[in-house]
Amino acid sequence: MKLTRRYAFVMAGFALLALAFASCRKHKMMEDDMGGMEEKNIDYPAVYVVNGESNSLSVINLNTQMLTETIDLMTSGNSAIMWPHHISISGSGSWARLAIGVPGVDLSAGHAGGMPDMKGRVLVMDAVKGTILKEVEVPTMNHNAAFSPDGKEIWTSQMEMSGKVLVYDAATYTLKNTIQVGMEPAEVTFSADGTRAYVANGGDNTVSVIDPATKAIISTLPVGANPVGAWVGYDGKMYLDNEDGKSISVIDVAGNTVVQTINLGFTPGSAAHNPKAKELWVTDPDNGKVHYWSWDAAAGAWKHGGVFDTGAGAHAVAFTSDGGTAYVTNQLSASVSVIKVSDHSRIKDISVGKKPNGIVIKQ
């Protein structure tokens with residue numbers, strides 16, 4: 001039941017969506033010479049926001065805190081790019097590249113489960129020109145697309161009962177490896193030092209720990225109910241959000257163990273570690289808030305520090321490199337909240353596309 005119930009409503013809307021997109025795509029393809037995309041010049045520090053329902057990418061200028069570009073991802077013209085979800089970035093300057101996971105269904109209401117015969121996609125984009133360099137179709141719906149720490153590979157999960165991770169060459173886009181993991185894997189992430197890859201297996205409440213060099217499974221750790229992603233910590237830890245368990249599992253990278261379980265009392269959207277502020281942020285989508293924890297050195301554990309408002313459906317968080325400013329996507333209010341980290345005050349809200357989700361920063 002879990003495999004089909006969560007997303008059954010999506011199939012009923014596909015026909016209507018297809019009709020709505022058909023005329024828009026036809027018009028846009030004519031404008032863009034049968035699927036070409038107009039080149040941008042995003043040569044400034046920028047925030048990239050994936051808008052799931054709008055099938056677009058919003059670009060915010062870090063210097064002005066203004067929305068500067070909205071890139072329609074449907075203009076590739078080849079296939080239905082629907083419900084793009086999470087995003088990663090690799091490289092810098094003119095060599096910066098973006099990778100976007102496109103599951104093809106709305107994951108905003110929950111991440112577990114899949115749909116039979118639903119294919120996913122990986123989009124690779126030029127971060128400066130804003131153009132799609134490659135569209136890779138994958139056999140089953142995926143959750144994200146993550147560059148390996150050296151930028152030479154792109155990893156993406158396959159959200160099926162017999163879970164796996166596909167590893168592609170980032171230059172040739174050829175499939176290099178298939179790694180068997182747990183049931184219904186969601187997010188694929190890497191530790192800050194690049195020595196470990198983590199795959200959250202929502203179907204069996206585990207996380208697979210992988211050696212990125214050998215592609216071998218190091219261990220499979222039990223965590224909370226319905227884990228979604230192990231988010232990178234810059235303190236030798238990974239922070240895994242368990243949706244149904246309403247908790248965060250703190251994983252020690254070197255020791256390969258769960259060292260703390262933070263009980264939240266709400267369903268987490270995602271977690272983000274700020275090493276400069278020494279804080280752990282967890283979004284609370286149902287209440288439009290962000291909770292933060294401070295490190296208690298004496299206790300050797302995270303302690304709840306407070307909570308502040310962002311917007312309805314608060315989901316993903318990205319910090320600037322100096323740790324001073326945070327950007328939070330609000331899925332239900334179609335906005336990004338800009339937060340001053342030092343006092344957790346909301347500077348402004350920036351309107352973006354519908355159901356903004358994944359976010360990364362290029363500086």
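All of these numbers come straight from a predicted model, not from anything done at the bench. All residue numbers here refer to positions counted from 1 along the written sequence of the relevant chain. Residues qualify for local features only when their pLDDT is at least 70, as the model is predicted, and side-chain atom pairs are given and counted only at 80 or more; totals for whole chains, interfaces and linings, by contrast, use all residues. Excluded from the side-chain calculations are hydrogens and water; all other atoms, namely the structure's heavy atoms, are used.

Trainee: Got a minute to help me understand the environment of His291 in this structure?
Mentor: Helix numbers and strand numbers start at the N terminus; a helix is a DSSP run of H or I with at least 4 residues, a strand a run of E with at least 2. By secondary structure assignment, the location of His291 is in strand S22 (residues 289-296). Exposure classes here rest on a 1.4 Å probe applied to the protein chains alone. A residue is buried below 20% of its type maximum, exposed above 50%, and partly exposed in between. Its relative accessible area of 13% is what places His291 among the buried residues. Separated by 14 residues in the primary sequence, His291 and Gly305 have C-alpha atoms spaced 7.7 Å apart. A distance of 2.9 Å separates a polar atom in the side chain of His291 from a polar atom in the side chain of His304. In protein, a polar contact means a hydrogen-donor-capable atom and an acceptor-capable atom, both N or O and within 3.5 Å, with residues adjacent in sequence counting only if both atoms are side-chain atoms; elsewhere, any N or O pair within 3.5 Å suffices.

Trainee: Before we go on, may I ask you to explain the side chain of Lys362 in this structure?
Mentor: As for its placement among the helices and strands, Lys362 is situated in strand S28 (residues 356-362). His residues and chain termini do not enter the charge count, which takes Lys and Arg as positive and Asp and Glu as negative. For this document, the term salt bridge refers to a Lys or Arg side-chain nitrogen within 4 Å of an Asp or Glu carboxyl oxygen. Of the side chains with opposite charge, Asp43 lies nearest to the buried Lys362, which makes no salt bridge, at 7.0 Å. Polar contacts involving the side chain of Lys362 include one to the main-chain carbonyl oxygen of Ile42, which spans 3.1 Å. Contact between two residues is taken to exist if any of their heavy atoms lie within 4.5 Å; hydrogens are not considered. If we skip the residues at most four places from it in the chain, Lys362 touches Ile42, Asp43, Tyr44, Pro45, Ala46, Tyr48, Leu62, Ile89, Ala96 and Ala127.

Trainee: I would appreciate a short explanation of the environment of Thr174 in the present structure.
Mentor: Topologically, Thr174 is positioned in the loop between strand S10 (164-169) and strand S11 (175-180). When its relative accessible area of 42% is taken as the criterion, Thr174 is described as partly exposed. For Thr174 and Glu153, which are 21 residues apart along the polypeptide, the C-alpha to C-alpha distance reads 9.8 Å. Once residues lying within four places of it in the same chain are set aside, the contact partners of Thr174 are Val167, Tyr168 and Asp169.

Trainee: What am I meant to see in the pairing of strand S12 (residues 185-190) here?
Mentor: In regular strands, side chains alternate between the two faces of the sheet. For S12, a buried count of 6 out of 6 residues is recorded, marking the element as mostly surrounded by other parts of the structure. When DSSP finds two or more bridges between two strands, those strands count as paired. Pairing of S12 with strand S13 (residues 197-201) involves 4 bridges; the strand directions are antiparallel. Considered in S13, the bridge of Thr189 is made with Tyr198. Linking two consecutive strands that pair antiparallel, namely S12 and S13, is a turn of 6 residues; a positive phi of about 75 degrees is found at Gly194 within it.

Trainee: Help me understand empty space enclosed by the protein, please; the structure alone is not making it clear to me.
Mentor: Empty space among the atoms becomes visible once a probe the size of a water molecule is rolled across them. As defined here, a cavity is a set of points on a 1 Å grid over the protein atoms alone where a 1.4 Å probe fits but cannot get out. A pocket is an open set with protein on both sides within 12 Å along at least five of seven lines, and residues line them when an atom is within 4 Å of a point. Grid points are joined across faces, edges and corners, and a volume is the space filled by probe spheres set on the points. Under the criterion given, the structure shown has 2 cavities of 30 Å³ or more. Roughly 50 Å³ of volume is contained in the largest cavity. Taken together, Gly52, Trp83, Pro84, His85, Val105, Asp106, Leu107, Ser108, Gln331, Lys355 and Asn357 make up the full set of residues lining the largest cavity. Of the residues that constitute the lining of the largest cavity, the class distribution is 4 nonpolar, 5 polar and 2 charged. Of the voids in this model, the second largest cavity is the one considered here, and its volume is about 40 Å³. Residue lining of the second largest cavity: Val122, Val124, Val136, Ile154, Tyr168, Asp169 and Tyr173, and that is the complete set. Within the residue set of the lining of the second largest cavity, elements represented by two or more residues are strand S6 (120-126) and S10. Under the scheme applied, nonpolar residues are Ala, Val, Leu, Ile, Met, Phe, Trp, Tyr, Cys and Pro; charged residues are Asp, Glu, Lys and Arg; polar residues are all the others, including Gly. Residue composition of the lining of the second largest cavity, grouped by class: 6 nonpolar, no polar and 1 charged.

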